[in-house]
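Overview (structure and organization)
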Amino acid sequence: MAAERTSVTELATAAGMILGQHHHDLALLEALEIPGIDDSVWRPFLEPAAESWHQFHPILRTALANGAAFREAVLKGRDPDRIEWRGAKQTMWVSDTPADLTVNETIHVSAKYDSKCFLNRAPAALFHDLLAGTTKKKRPDWCGVVASNAYGVFYRVVLDTLREQGAPLIGFPATPTELTKAQRLEVKYLMKLWQTGMLQAVASAYRELASAVSIASATAWREALTSATETVKISMIAQMLRVSGTTYWLLGHAGGQPVQHQVVGTHKLREVYRLKTFAVIDRPHAGQPRVDWEATLLPKKDAPAWATPRVVNGICEVRWSHQKLQGNPECKVQLKTPVADLPGYLPL
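We now turn to the structure provided with this report. Everything quoted here is computed from the prediction, not taken from an experiment. (Residues numbered from 1 in each chain as written. Predicted model: local features only at pLDDT ≥ 70, side-chain atom pairs only at ≥ 80, totals over all residues. Heavy atoms only, no water.)

**Thoughts on the overall build of the protein**
- Check the secondary structure of the protein and you find 10 helices and 11 strands.
- Considering only C-alpha atoms, the protein reaches an extent of 65 × 55 × 30 Å along its principal axes.
- Evaluated residue by residue, the protein yields a buried proportion of 50% over its 348 residues.
- Counting contacts in the protein only where the partners sit at least 6 residues apart, residues at least 24 apart contribute 64% of the total.
- On the protein, roughly 16,900 Å² of surface is accessible, and the fraction owed to carbon and sulfur atoms is 51%.
- Each charge class in the protein was averaged separately, 39 positive and 34 negative side chains, and the resulting centres sit 7 Å apart. (Helix = DSSP H or I, 4+ residues; strand = E, 2+ residues; numbered from the N terminus. Buried < 20%, exposed > 50% of the residue type's maximum accessible area, 1.4 Å probe, protein only. Contact = heavy atoms within 4.5 Å. Areas by Shrake-Rupley, 256 points an atom, 1.4 Å probe, with all protein chains shown as cover. Lys, Arg positive; Asp, Glu negative; His and termini not counted. Charge placed at Lys NZ, Arg CZ, Asp CG, Glu CD.)

In structure tokens:
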């Protein structure tokens, strides 16, 4: 369902670039051609969503309007020669511009709707390496690294609870880091049978684990930041804000309002801003592993008028993507600051 919603969002943005000021007339979709995207690709998503009863109909209309606004502001009312769609199956490398659409081979567009997650990386990549490099080989089981005792207790409580309910769980290892893929899947299936969520003993052990991971993650992050240069810190913040190596356009929707911004490149961000403070904030009682942060950036001397002082607040959540104990946890960077108030995000 999420993949379909994303596809409607991105492809409707492309369609809006063609329809322009006529984007309200959905009957025009019947004769529409999007240069670079075959009919067989976009029609199965947009034609059903064009029906007023469809769950993605409001998103379709917002995306069409954003595409039309982009056509007027960036393309100066002209038809695009070609639009390339990244699509759900194409992997984006860490260093890539976050572009879902590429217009005329050089103009990059990211289409994000009601998405607060700006970055998804291995916890070690952020808390140890400050996002310097790809750290592809550095994806340890973070809970086992920074909170092995609490992790082990949580794991044993899960197994004991499942066994009390009649699950045999024969041959399971003493520590969660030694679980095989098949064993993880078995635990996942059995935990899904808990209709009301985690039982009290399991929930209590998880809160202790979450607290331990939160504290250890914040401590590791502070230690790494102590010896980091401002260039490294600014580069880290840029990635957390989805500022990439080149300018791109962000078209989306948040809180019931359209989002239409030009996002400057990392070089420009470093050129016009200096970092005043970066605070790591402990959140040991959040209920899940979490570290908050706050960055204050100030314009440098002779910076352009758009470079006003900015304070950005965010959240780093450490969690498993596919239920607890499934693979290695990931670090999801979310922003509490509205997109319009982010440094380097200029109105379309």
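**A few points about the pairing of strand β6 (residues 257-263)**
- Two elements, strand β5 (residues 248-254) and β6, share 7 bridges in a ladder whose sense is antiparallel. Counted as the bridge partner of A254 is Q257 from β6.
- In the sheet, β6 pairs with strand β11 (residues 345-347) via 3 bridges, with the strands oriented antiparallel. Looking at β11, one finds that V263 is bridged to Y345. (Pairing = 2+ DSSP bridges.)

**As for helix α6 (residues 148-164)**
- Taking 1.5 Å per residue, 17 residues should reach 24 Å; α6 reaches 24 Å between its end C-alpha atoms and fits that length.
- Burial in α6 covers these residues: A150, Y151, G152, F154, Y155, V157, V158, L159, T161 and L162.
- Against α5 (142-146), α7 (181-192) and α8 (200-226) lie the buried residues of α6.
- Count one or two residues on from α6 and you reach G166, which has phi positive near 105°. (Expected span 1.5 Å × (residues − 1).)

**Quick word on α7**
- Look at α7: 17 Å from first C-alpha to last across 12 residues, which is about the 16 Å you get at 1.5 Å a residue.
- Those residues of α7 that fall on the buried side of the exposure criterion are Q183, R184, V187, L190 and M191. On an axial view of α7, the arc spanned by its buried residues comes to 130°, and they lie on one face. Of the exposed residues in α7, those oriented more than 90 degrees away from the buried face are K181, A182, Y189 and K192. (Arc of directions from axis to C-beta.)

**So, the pattern of salt bridges**
- By the definition in use, this model includes 11 salt bridges.
- Measuring nitrogen to oxygen at the nearest pair gives 2.9 Å for the salt bridge that ties K268 to E271. Taken together, the positions of K268 and E271, both in helix α10 (residues 266-272) and 3 residues apart, correspond to about one turn of that helix.
- Accessibility expressed as a relative area gives 35% for K268, which makes it partly exposed.
- A salt bridge links K332 to E330; the shortest N-O distance between them is 3.3 Å.
- Owing to a relative accessible area of 11%, K332 belongs among the buried residues under this scheme.
- Here the salt bridges do not stand alone but share partners, grouping R283, R290, D292 and K336 into one network. (Salt bridge = Lys/Arg side-chain N within 4 Å of Asp/Glu carboxyl O.)

**Examining the nonpolar core**
- By size, the foremost hydrophobic cluster in this structure holds 75 residues, and its most contacted members are W221, M240, F278 and W293.
- By residue number, the principal contributor to this core is α8, which donates 11 residues.
- Not counting the four nearest positions on each side in its chain, M240 is found in contact with F118, L119, L126, L131, W221, F278, W293, C316, V333 and L335.
- Ranked by size, the runner-up nonpolar core spans 35 residues in total, among them L11, A14, L26 and V103. (Core = buried A, V, L, I, M, F, W, Y, C linked by side-chain atoms within 4.5 Å.)

**Here's the deal with the packing of α6 against α7**
- Look at α6 against α7: their axes get within 11 Å of each other, and the N-to-C directions meet at 60°. For the element pair α6 / α7, the angle class is oblique. The interaxial crossing formed by α6 with α7 has left-handed handedness. Listed contacts from α7 to V158, L159 and L162 of α6 are V187, L190 and M191.
- A per-class count over the contact of α6 with α7 returns 6 nonpolar, no polar and no charged. (Axes fitted to C-alpha atoms, helices over the stretch in contact; angles between N-to-C directions. Parallel < 35°, antiparallel > 145°, perpendicular 65-115°, else oblique. Left-handed = near helix turned anticlockwise from the far one by under 90°. Nonpolar A, V, L, I, M, F, W, Y, C, P; charged D, E, K, R; others polar.)

**Quick look at the environment of G87**
- The residue G87 is located in the loop between β1 (83-85) and β2 (101-103) in this model.
- With a relative accessible area of 15%, G87 lands in the buried category.

**Overview of the packing of aromatic side chains**
- Per the stated rule, a full pass over the model turns up 8 aromatic pairs.
- Between F127 and W142, the aromatic rings sit 5.8 Å apart at their centres with planes inclined by 35°, giving tilted as the arrangement. With F127 in helix α4 (residues 123-127) and W142 in helix α5, this pair connects stretches of sequence that are 15 residues apart.
- Where F278 meets W293, the ring centres are 5.8 Å apart and the plane angle is 15°; that geometry is what we call stacked. One end of the pair, F278, is in strand β7 (residues 273-282); the other, W293, is in strand β8 (residues 290-299), and 15 residues separate them in sequence. In this pair, the class of F278 matches that of W293, namely buried.
- One aromatic cluster in this structure is built from F127, W142, W221, F278 and W293.
- Taking the ring centre of Y206 as reference, the NZ or CZ of K324 above it sits at 4.6 Å. (Phe/Tyr/Trp six-rings, centres within 6.5 Å; stacked < 30°, edge-to-face > 60°. Lys NZ or Arg CZ within 6 Å of the ring centre and 35° of its normal.)

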